[in-house]
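Descriptive structure summary
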Amino acid sequence: MTDSPFRSDVLAGKVAFIAGGTSGINLGIAKRFAELGANVGILGRNPEKAAAACAEVAAASGQGDGSGKAVYRTADVRDYGAIRTAMEEVRGELGAFDIVISGAAGNFLSPVLGMSANAFRAVVDIDLIGTFNVFRGCHDLLNLPGASLIAITAGQAEHAMAMQAHACAAKAGINQLIRTLALEWGPDVRVNGISPGPIADTEGMARLAPDETTRAAHYARIAMKRWGTCFEIAEAAVYLSTSAGSYVTGAILDVDGGSSVGDASRLDTGKGLA
Ligand code: HXC
Ligand code: NAP
């Protein structure tokens, strides 16, 4: 295990539901939660992928001793009825949710003039409406008080990016949904966001930086001069879901190596600024 300040049983007895938890960053969170003692339900669309991911989560549980429970469901987050049914079933198996993560997303590079209305809508539906559906649908399934809701957002919410109009609009909406729900659902529920920077070996990076030129451009912008890891995002989720984050709500936590602070490539003269 990578070094961590968290106690190895810090999530013992907790139940987490993770929409989009069948790959990448969200699967990293699911495995880390399981390692730290949580029982975990994950959801995606593809049944084979979900079953394989669930086996990974189960294998990680209880520090790898398999003592925790892991279950999966398949549903499209755009379908409120389907996501609600999936969450009810997982609650029936694992108990009321202490933690809910909304991380399902769709993305592709395209200028606005290369997008149909349906293409724009597809991303807004998955990311923004999907997050509404997951959070709206989970409220009466939560273990209250003290539940932690986290949406996985992105820097595009605050910083416009060409070829990303759909994701910029969707993630900006998510940030405002997070803040609104924090106001409406406090003090019983904390609602926060995590905004990852470019994370190594993920579908998101494969889509947004498909070749060496775009990878180099992304890399140059990062103040810390390295890609992030799924583990680093998972640790932020643990922080927000434990007593460490007990007075944090309505926050968007940038876990991005400084990418959102500014464009480090503009200062990178090669003359030893770092
Ligand atoms: C233009 C495109 C397109 C492209 C799809 N479309 N790809 N338009 N350029 N490259 C259009 C289609 O033609 C269609 O419009 C519409 O989008 C919907 O496409 P479908 O394939 O019918 O939709 P669906 O099956 O629902 O798939 C949704 C998807 C898909 C978003 C298009 O890629 C998907 O499911 N992605 C999930 C996985 C993913 O994207 N992971 C990365 C998340 S990472 P028409 O008009 O023809 O009907 C991420 C990174 C964040 O978000 C930031 C990192 C820094
Ligand atoms: P990923 O591997 O593609 O994961 C996406 C997950 O969402 C999968 O489990 C996928 O399962 C599920 N999903 C997608 N559409 C769905 C739908 N309509 N209904 C239900 N589930 C759906 O992505 P990732 O790169 O790890 O990104 C994860 C999150 O981090 C996203 O919110 C993304 O915007 C954010 N983010 C990523 C980066 C990065 O560097 N990767 C940076 C900033 C923000 P199926 O394939 O089975 O549908």
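Look a little higher up for the structure.
Residues numbered from 1 in each chain as written. Chains lettered and ligands numbered in written order. Predicted model: local features only at pLDDT ≥ 70, side-chain atom pairs only at ≥ 80, totals over all residues. Heavy atoms only, no water.

1. Section: the overall build of the protein chain
Just so we agree on the cut-off: The secondary structure listing takes helices from DSSP runs of H or I that are at least 4 residues long and strands from runs of E that are at least 2 residues long, numbered from the N terminus. For this measure, only C-alpha atoms enter the radius of gyration; the expected value for a globule follows 2.2 Å times N^0.38, where N is the number of residues. The cut-offs for exposure are 20% and 50% of the maximum accessible area for each residue type, with area from a 1.4 Å probe on protein chains only; residues under the lower value are buried, those over the upper are exposed, and the others partly exposed. Residue contacts follow a heavy-atom distance rule, with two residues in contact if any of their heavy atoms lie within 4.5 Å. Every accessible area reported is derived by Shrake-Rupley at a probe size of 1.4 Å, with residue values counting cover from the shown protein chains alone.
Within the protein chain, the regular secondary structure consists of eight helices and seven strands. Relative to a compact globule of 274 residues, whose C-alpha radius of gyration would be 19 Å, the protein chain shows 18 Å and is just as compact. Based on the C-alpha atoms only, the size of the protein chain along its principal axes is roughly 55 × 45 × 40 Å. Taking all 274 residues of the protein chain together, the buried fraction comes to 49%. Here the analysis covers contacts within the protein chain between residues at least 6 apart in sequence; of these, 75% occur between residues at least 24 apart. Total accessible area computed for the protein chain in this model is approximately 12,600 Å², and 55% of it derives from carbon and sulfur atoms.

2. Points about the site of ligand 1
Test applied: The nearness test applies per residue and asks whether one of its heavy atoms lies within 4 Å of the molecule or strand. Between N or O atoms, a polar contact is any pair within 3.5 Å; within protein, one atom must be a potential hydrogen donor and the other a potential acceptor, and residues adjacent in sequence are included only when both atoms are from side chains. Residues are grouped as follows: nonpolar covers Ala, Val, Leu, Ile, Met, Phe, Trp, Tyr, Cys and Pro; charged covers Asp, Glu, Lys and Arg; every other residue, Gly included, is treated as polar.
If you check the shell around ligand 1, you find 18 residues, and the closest are R45, R78, N107, S116 and R207. In this structure, an oxygen atom belonging to ligand 1 sits 2.8 Å away from a side-chain N or O atom of R45. Within the side chain of R78, one N or O atom sits 2.9 Å away from an oxygen atom of ligand 1. For ligand 1, the protein covers 61% of the area, taking 1,100 Å² as the surface of the free molecule. When grouped by side-chain class, the residues that make up the shell around ligand 1 number six nonpolar, eight polar and four charged.

3. Details of the sheet that holds strand β3 (residues 70–74)
Short version of the rule: Two strands are counted as paired when DSSP detects at least two bridges linking them. Axis definition: a line fitted to C-alpha atoms, over the contacting stretch in the case of helices. Angles run 0 to 180 degrees between N-to-C directions.
If you walk across this open sheet you meet the seven strands as β3-β2-β1-β4-β5-β6-β7, and the pairing is parallel. Of all the strands in the sheet, the pair left with one neighbour each is β3 and β7 (252–255). Across the sheet, the axes of successive neighbouring strands diverge by a mean angle of 20°, strand direction being ignored. Examined bridge by bridge, strand β2 (residues 39–44) and β3 share five bridges and lie parallel to one another. Residue pairing for β3: G44 is matched across the bridge by T74. Contacts from helix α5 (residues 165–185) reach β5 (147–152), β6 (189–196) and β7 within the one sheet, and its direction differs from that of β6 by about 160°. Helix α8 (residues 230–241) contacts β4 (99–102), β5, β6 and β7 of the sheet and is inclined by roughly 165° relative to β6.

4. Quick notes on helix α3 (residues 80–94)
To keep it simple, the criterion reads: Here the expected length of a helix is defined as 1.5 Å per residue gap, with one fewer gap than residues.
With 15 residues, α3 ought to run about 21 Å at 1.5 Å a step, and its terminal C-alpha atoms sit 21 Å apart, in line with that. Where the residues of α3 are buried, they touch β1 (15–19), β2, β3 and α4 (117–138). Immediately downstream of α3, the backbone of G95 shows phi near 105°, a positive value.

5. Some details on the site of ligand 2
Close contacts around ligand 2 come from 30 residues, with T22, S23, R45, K49 and T202 the closest. A distance of 3.5 Å is found between an oxygen atom of ligand 2 and a backbone nitrogen or oxygen belonging to G197. Taken by itself ligand 2 offers 890 Å² of open surface, and the protein chains cover 89% of this. Residue assignment for the shell around ligand 2 shows that the elements contributing at least two residues are α1 (24–35) and α6 (203–208). Its residues assigned to classes, the shell around ligand 2 comprises 12 nonpolar, 12 polar and six charged.

6. Regarding the pairing of β2
Note the threshold: Here a crossover is taken to be right-handed if, once the strands point away from the viewer, the path from the first strand over the helix to the second is traced clockwise.
Across the six residues that make up β2, a large majority, six, are buried. Alternating residues of β2 divide into N39, G41 and L43 and V40, I42 and G44, and every residue in both groups is buried. Note: β1 against β2, five bridges, orientation parallel. The partner of I18 across the bridge, within β2, is I42. In this fold, the crossover linking β1 to β2 by way of α1 has right-handed handedness.

7. Quick notes on the pairing of β1
Here β1 lies mainly inside the structure; five of its five residues are buried. Here β1 shows a buried face lined by V15, F17 and A19 and a second buried face lined by A16 and I18. When β1 meets β4, the two strands line up parallel, connected through four bridges. Of the residues in β4, the one forming a bridge with A19 is S102.

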